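Structure at a glance
The primary structure of each chain is shown beneath.
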Amino acid sequence: MIAHIQGKLVEKTPTEVVIDCGGVGYHINISLHTYSLLPTTDHIKLFTYLQIKEDSHTLFGFVEKSEREIFKMLLSVSGIGASIARTMLSSIEPKQIIQAIATADLVKIQSIKGIGTKTAQRVILDLKDKVLKLYAIDEVSLTQNNTNRDEALSALEVLGFVRKTSERVVEKIVREDPTASVESIIKQALKNL
């Protein structure tokens, strides 16, 4: 119904903004991710999602269109309302949510406040196929061409560890921290091998 709102930023808090558009102030709920991306200028544009209930009409705003799409996808899961979806987008970045769903990372999704085991399982079950199709993620791109990963694997092989066993441990480490240094990956792997 309302695809985006563009106007002057009148008020701003980590959870909501007010945008003056043609003399009308629109109260828009935002995630912490959107808050961190808000421009420093007074004139802004947010992509919006209007939730209509019997007793309220609530606007949710996003700097990125992709975040709005993830928000809408999360709402399609039974047991996830707008406030939980917004909490999810505030707790971890949208890309990390997509990654967690695609890799069925139950622990990552459960780490979000308000998400229990059953809800996390439902999110993965309901959205994994959709995420893999929409974001063209395949098993190869999930592990990415990580040079730190490759160097760590080579080092572990030189140290005498079997490559197959090392790969499983290193993949888990890289999935949890994609920016891990070679030294960090090797140290963590040695603890788990």
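Residues numbered from 1 in each chain as written. Predicted model: local features only at pLDDT ≥ 70, side-chain atom pairs only at ≥ 80, totals over all residues. Heavy atoms only, no water.

To continue, consider the nonpolar core. Judged by nonpolar contacts, the single largest core of 27 residues is most densely connected at Phe71, Leu74, Met88, Ile109, Val123 and Leu127. Secondary structure elements with two or more residues in this core: strand S5 (57-62), helix H2 (65-75), helix H3 (82-91), helix H4 (94-102) and helix H6 (117-134). Among all residues touching Phe71, those that are not within four sequence positions of it are Tyr49, Phe60, Phe62, Ala82, Ala85, Arg86 and Leu89. By size, the runner-up hydrophobic cluster in this structure holds 12 residues, among which are Leu156, Val170, Ile173 and Val182. (Core = buried A, V, L, I, M, F, W, Y, C linked by side-chain atoms within 4.5 Å. Buried < 20%, exposed > 50% of the residue type's maximum accessible area, 1.4 Å probe, protein only. Helix = DSSP H or I, 4+ residues; strand = E, 2+ residues; numbered from the N terminus. Contact = heavy atoms within 4.5 Å.)

Moving on, we come to the sheet that holds strand S1 (residues 4-12). Ordered in space as S1-S2-S3-S5-S4, the 5 strands form a closed barrel in which the pairing is mixed. Averaged over neighbouring strand pairs, the angle between their axes works out to 55 degrees when direction is ignored. Of the pairings in the sheet, the one linking S1 to strand S4 (residues 43-52) comprises 5 bridges and is antiparallel in character. Residue pairing for S4: Lys8 is matched across the bridge by His43. Against the sheet, H2 contacts S4 and S5, and its axis sits at roughly 10 degrees relative to S4. On top of the sheet, H3 reaches strand S3 (24-30), S4 and S5; it is set at about 15 degrees to S5, its chief contact. (Pairing = 2+ DSSP bridges. Axes fitted to C-alpha atoms, helices over the stretch in contact; angles between N-to-C directions.)

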